[in-house]
Amino acid sequence: MEERLFDAVIFDLDGVITQTALVHSQAWKQMFDGYLREREAKYGESFREFSHQNDYLPYVDGKPRYNGVQSFLESRKIHLPFGDPSDPPEKETICGIGNRKNIAFNDILKEQGVKVYPSTVELIHTLKDKGIHVGVASSSKNCEQVLEAAGLAGLVEVRIDGVVSAALGLNGKPAPDIFTTAADRLGADYDRTVVVEDAVSGVTAGKAGNFGLVLGIAREENTQELFIGGADVVVNDIDEIGFEGIEEWFLEKLPYDNTNLIYYGYEPGLEKTRESLLTIGNGYFGTRGAWEEASAGEHHYPATYMAGLYNRLESKVGDRMITNEDFVNAINWLPLTFRIDDGDWFRPGSMEIVSIRRRLHMNKGFLCRKMIVRDKGGRETLIHSRRFASMDNPHLAGIRYEVTPLNYSGRIEIKSELEGEHINDGVERYRPLNQQHLEAVSEGHEGDIQFLEVKTTQSNIHIAAAARITAETDKGAVQAKIINDSGHGRVITVVSALADQHQAVALIKRCAMFRSDDEGISDPLKSAIDHARQAAEFQELLEASIPAWEDIWEKADIMVEGDRLSQKLLRLHIYHLMISISPHNANIDAGIPARGLHGEAYRGHIFWDEIYILPFYYMHFPEAAKAVLNYRYNRLDAARRYAREHGEQGAMFPWQSGSDGSEETQVIHLNPVSGKWGADHSSLQRHVSLAIAYNVIMYFHYTADKDFLERGAELLIEISRFWAGKAEKDEKTGRYSISGVMGPDEFHEKYPGAEKGGLKDNAYTNLMTVWVLKKTAEILHTLDKQKKEALFQKLHVQPAEPEYWKEVSKNMNLPISDEGIIAQYDGYLNLNELDWDRYRQKYNNIHRMDRILKAEGKSPDDYKVAKQADTLMTYYNLDSGEVDEMIRDLGYELPKDYLKKNLNYYLQRTSHGSTLSRVVHAKLAGMTGDHELSWKLYLDALTSDYNDIQGGTTAEGIHAGVMAGTVLGAMHTFAGLDLQGDIVRINPRLPTHWRKISFNFTFKKVNYRMEITNDK
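Residues numbered from 1 in each chain as written. Predicted model: local features only at pLDDT ≥ 70, side-chain atom pairs only at ≥ 80, totals over all residues. Heavy atoms only, no water.

**Some points on the environment of Gly297**
Quick note on the threshold: Working definition: helices are DSSP H or I runs of at least four residues, strands are E runs of at least two. Numbering for both runs from the N terminus. When accessible area is computed with a 1.4 Å probe and restricted to protein chains, residues below 20% of their type maximum are described as buried, those above 50% as exposed, and intermediate ones as partly exposed.
As for its position among the elements, Gly297 is in the loop between β9 (285-287) and β10 (304-306). A residue is classified by how much of its surface remains accessible, and Gly297, at 28% relative accessible area, is partly exposed. Sequence separation between Gly297 and Ile816 is 519 residues, and the spatial gap between their C-alpha atoms is 52 Å.

Below, the structure written as C-alpha cells:
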C-alpha cells in the first residue's frame, strides 16, 4: 500500500464546500439593517447600512454567530447584554439579535437552496478514495442541515459545528478548538492534517492549531489578508492545488518551509521585533532585518553590530555624571531606495503597500523581501531584495535590490548609501544618555566603489566599509548613469536607468567591513576597499556562503517530527545563536552578548548567560566555545584588580563585562514603570564567576581539550581563591557562610531596611561554590606534575590553600526549613508573602514585579518574590544525584520528595521576569515527573522571542540564553541526553506529539547521532 503523506483534511463549510457565504452575508445584512432601523426609530440613532466589505468580512465572517453579533455591534459603539441562547428573537440581547439572523438565514436558504463548489466536492471524493479522513469544522449552527441539503453528509466522518461547539464549550475562531477537536476525533496528528478555510479568522485558527497545511481560499480577493492571517498556501479555488498539490506540499514544500521564517504584511508596531528576528550575520557582525529604505525611528531601527565593539561615554543624570560602555551601532551598510521620474525617494509609509512578504532562509543564511507598492498616481512597483552576510568570509556582505515597474514605464533611480552619522538609539530608556559613539574619519568613491571610515569616540577603534556598486537590467549589465556624493559621515551613489513596464532595474551592492583591532589589520579602509574591489559577483558570494551554513546545520540541526512550530523555532534559535557566535569567532576576542549581535539592550554586555549558551558550542563548535573562555581568560588580570579593589582574594569577574573586563554594571537604574532612577546593586551578582568556572569545567568534560587545561586551571584557581576568601567560618557551628552577594533571582538586592546591598548564604552560590572547589581539586589532580608545580609557582599557590578549599567545601552552610525547603538565602523564609492575585488583576503583566513594587513605594526585598530560578538553578546546572550527594556530604538530610517540594514552593513565588526562568523550571518539572507542566513552561520559553511575550523586549535584541536553553532543553529535558558522567546516557521523555527527535553532538571527541522515537 502506498504510504500516505497526510492523514486528514478538515474543511470549513461556508465559502469552502458550499456557496453559502453570500447567503450568510445576505442574512446578516437583512437582520442588522432591520435592527439598525429599529434603533433609529427607538433611540434616534443615524442609520448606516451594514455592508459586506466593511462590516461582514472584518467583524462577522468565520466567527460563531453570537461573537459576530457582538463584534459588529461593538464596532458601532452599541453595547448590549449577552443574554442567553434561548432568548427569543425579539429580545434586545446579543443572543436574541443572533437568533434573528438564524431565522433570516433559513428563510433565504429555503428560497435559494444550496450550491456547492464542484472542485471541493471532487477533492472530497478523491480523498475518500485514497483513504484520507474528511471532516468539517464550522462556526455555523446550520452546518448539518446544509450538508444534508447538499447531499454531502455521508462523505463527512466528523462534523464540529456551532451546535457541537456549544455543547462542548469550545472557543470559536480564531481559537483552533473546532479544528483540533475534529482532528482528535478523526485520530489524525495535527502536523499530518490539512485545514481548508476562506476566512481570515479560520486560517488564524489553523495556524494556532499547528496544522501541517493551512490552505486559504481567496473568495473575496483577500489573498494577502489570508497570508497575513496564517495561511501557508492561498488559492482562488481548490482546483488550483488539488490532491497532487497537497501531496507536493507535504513531500517538498513543508520541509522547505521548516527552514524559513516568513512574515506577510506590514505592521508598524511589530516591525522592530521582526527586524531582530530577521537579522543576518556571521559571528563577526550582525545586521538587523530592517528595510533597506528605513531610517531609525518609532517603527524601524537599522543597525549593524560587530563582535566586541564597545565605546565608553559619560552622561549627566540628575546632578551626577555616570559612565556607560555601550555596544556600538556601527556603519549602516544597508541604505537603498528608489524614485520614479525625479519624484520623492521611497520610504516606509510614503506609498501604499499592496503586498509584502519577507522570507529568512535560515538554512542558507540570507533574507529576501518581495513588496509591491502603489504611489498616489496609481503607479505600482515591485521591489525585490536579497541580502546576506557571508559565512564563508566574515568581512563580506551583499544586497541585490531590484525595482520593476508593473503598470508604467519611466526613469528609475536607485540610491545606495553608507552611513555613519547615527547615534545608538535602539533602546528607548537609554535615550536621555549620551549615545554619540561614532566620529567620521573619511568618505568618498574610487570608481564603482563607495567607502566610509569612522571611529569610536573613546575606544578609538576605526571601522571601515566599502561597497562595490553595479547595476543591471533584465537584459544584462547596463551603463547606468552614476552620481556620487559624499558628506560628513555619509556617502551616496545613485544609479539611473530608463525602464519599460515589467523591466527590472537592479543595483548590486557587495560590501566589505574591517576594523582596526582585527587581527593582522593595520589599515581597515584599505582592506575594505581591496576586498570590495576583488569580491566576486553577488550570486557567487552567496553560493560560497551557503556551503558554510550547510556545514553548520550538518553539525547542529535538530529535527523534530510531530510538531511543526517546535521544529521551526528550534531552527530559528540555532540560526540566531550562529549569528551571535560562529566558527569565525575562534579568532575573535569577544564574549557572547546576552542579546546577541541583534540589539542594544543591556548595552551589549556579557553576563552569565554563557552558562546557558556554551554547552551548545561544547557539543558542536568547541573552538568557538574555547574562544569565549579565552575572552574570560584574557580579562583575568582585570578580574584580579577588581577583587583587590574590593578587598577580596583571587579574581572577581564583573557581572556585566564589555571590552576590557571592567565592571560595566550601572550604579543607578531607570524604572520604566515609575520613570525614576534608583540605586542598582546588580554588580553583587558575583555568581558570574561560578558560571565561568562551570563552563571551564564542563568544557574539559565535553572536549577533553588538554591544550586549554593550563589556562582553564588558572581561571579555576583564581575563582576558587575568591570564593574561599569570601567564606567566613562561624566558630560555634564550624560552618562557612558567604555574605555580600546577590543570587540569580535579581529581585532581592539587600535585606529589608538595609542601606548596604548584599545577602548572606545564597543557596545557589553556596552549593555552586562547593561544586567548583571540588571540581577544581579534581582537575588540578589531572595536571602533569611539572605543569602543576609551574602553575602553582606562577600563582604563588601555597600548599595550605587547596586544603582550605577542601575544608570550605565540606562545611558550607545551607539554611533549610524543617519541611525541607532550601532557603534562597538566610532570612528569605521570614519575608512577607505577596498577594499575587491582586497584582495580576491590577497590572496583568507582572513579569517585572520589582519595578511594580518600587513604583508603589514598596521593595521586592520585603517579599517572597523572584524574577527567575535561584536555588533551583543549581539543579539545572548539575545532575540532581550529584547535588543530593553534595548536600548529604555537608551533613544535611532532606526528605525524598524535597526537590518537588522546592519546585512547587518557588514556582508559586516566581514572576518569570526573565525568559530564562521558564527554561530552568521546565527542566525541573520534568525531573520531578510533572511532564505536562514541563512542556507548558518549555513551550512558553520556546515561543518567547517569536511571540515577544515580554512586550517589546525582542525588538531590542534576541535573548541568546533562552534560545540556547530551549535547544538544549530539546536534547536534555525531552530527549534525556545526559553527559554528566563519563558515558552518554539517554532517558527520553518526549512530548506526546513529538513522534521523533534526532540530532548530532560531539562528546570527548566522539561524534554521536541520536534518533529517539516516541513510544505512544
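**Some points on the sheet that holds strand β33 (residues 996-1003)**
Rule in force here: Two strands pair if DSSP finds at least two bridges between them. Axis lines are fitted to C-alpha atoms, over the contacting stretch for helices. Their N-to-C directions set the angle, which ranges from 0 to 180 degrees.
The three strands are arranged β26-β33-β34 in an open sheet whose pairing can be described as antiparallel. Across the chains shown, the open sheet's two edge strands, defined by having one partner strand only, are β26 (558-561) and β34 (1006-1013). Within this sheet the neighbouring strands show an average axis-to-axis angle of 15°, counted without direction. Where β33 and β34 come together, eight bridges link them in antiparallel fashion. Considered in β34, the bridge of Phe999 is made with Met1010.

**Remarks on the packing of aromatic side chains**
Describing an aromatic ring pair means giving the distance of the ring centres and the angle of the ring planes. We apply this condition: Only Phe, Tyr and Trp rings are paired, with Trp represented by its six-membered ring, and only when their centres lie within 6.5 Å; those with planes under 30 degrees apart are stacked, over 60 edge-to-face, the remainder tilted. To sit over a ring, a charge needs its Lys NZ or Arg CZ within 6 Å of the ring centre and within 35 degrees of the ring normal.
A full pass over the atoms with the stated rule returns 50 aromatic pairs. Aromatic pair Tyr190 and Phe211: ring centres 5.3 Å apart, planes at 45°, arrangement tilted. Here Tyr190 is found in the loop between α8 (177-186) and β4 (193-197), whereas its partner Phe211 is found in the loop between α9 (200-208) and β5 (213-217), with 21 residues between them in sequence. For Tyr190, a relative accessible area of 27% gives the class partly exposed. Relative accessible area serves as the criterion here: at 1%, Phe211 is assigned to the buried category. Among the aromatic side chains, those forming a connected cluster through ring pairs are Tyr602, Phe607, Trp608, Tyr612, Trp655, Tyr764 and Tyr876. When the ring centre of Tyr905 is taken as reference, the NZ or CZ atom of Arg909 above it lies at 3.8 Å. Residue placement shows Lys923 over the ring face of Tyr876; its charged tip is 5.2 Å from the ring centre.

**Concerning α8**
The condition is simple: Contact between two residues is taken to exist if any of their heavy atoms lie within 4.5 Å; hydrogens are not considered.
For α8, a buried count of eight out of 10 residues is recorded, marking the element as mostly surrounded by other parts of the structure. Looking at α8, one finds that the buried residues are Asp177, Ile178, Phe179, Thr180, Thr181, Ala182, Ala183 and Leu186. Close packing links the buried residues of α8 with β1 (8-11), β2 (133-137), β3 (158-160), α7 (162-168), β4 and α9. Gly187 sits one or two residues past α8 and shows a positive phi near 70°.

**A short note on the state of the cysteines**
Rules: The definition used for a disulfide is geometric: two cysteine sulfur atoms within 2.5 Å.
In the structure shown here, the tally under the stated rule is zero disulfides. Considering cysteine sulfurs only, Cys511 is the nearest to Cys368, which forms no disulfide, with 18 Å between them. Overall, Cys368 belongs to the buried group, its relative accessible area being 12%.

**Structural notes on unusual backbone geometry**
Residue Pro174 follows Lys173 across a cis peptide bond; omega there is 15°. Looking at where Pro174 falls in the secondary structure, it is placed in the loop between α7 and α8. For Glu221, which is not a glycine, the phi torsion comes out positive at approximately 50°. Tracing the chain through its elements places Glu221 in the loop between β5 and α10 (223-229). On the basis of relative accessible area, Glu221 is assigned to the exposed category, the value being 78%.

The values are spatial; any link to function lies outside them.
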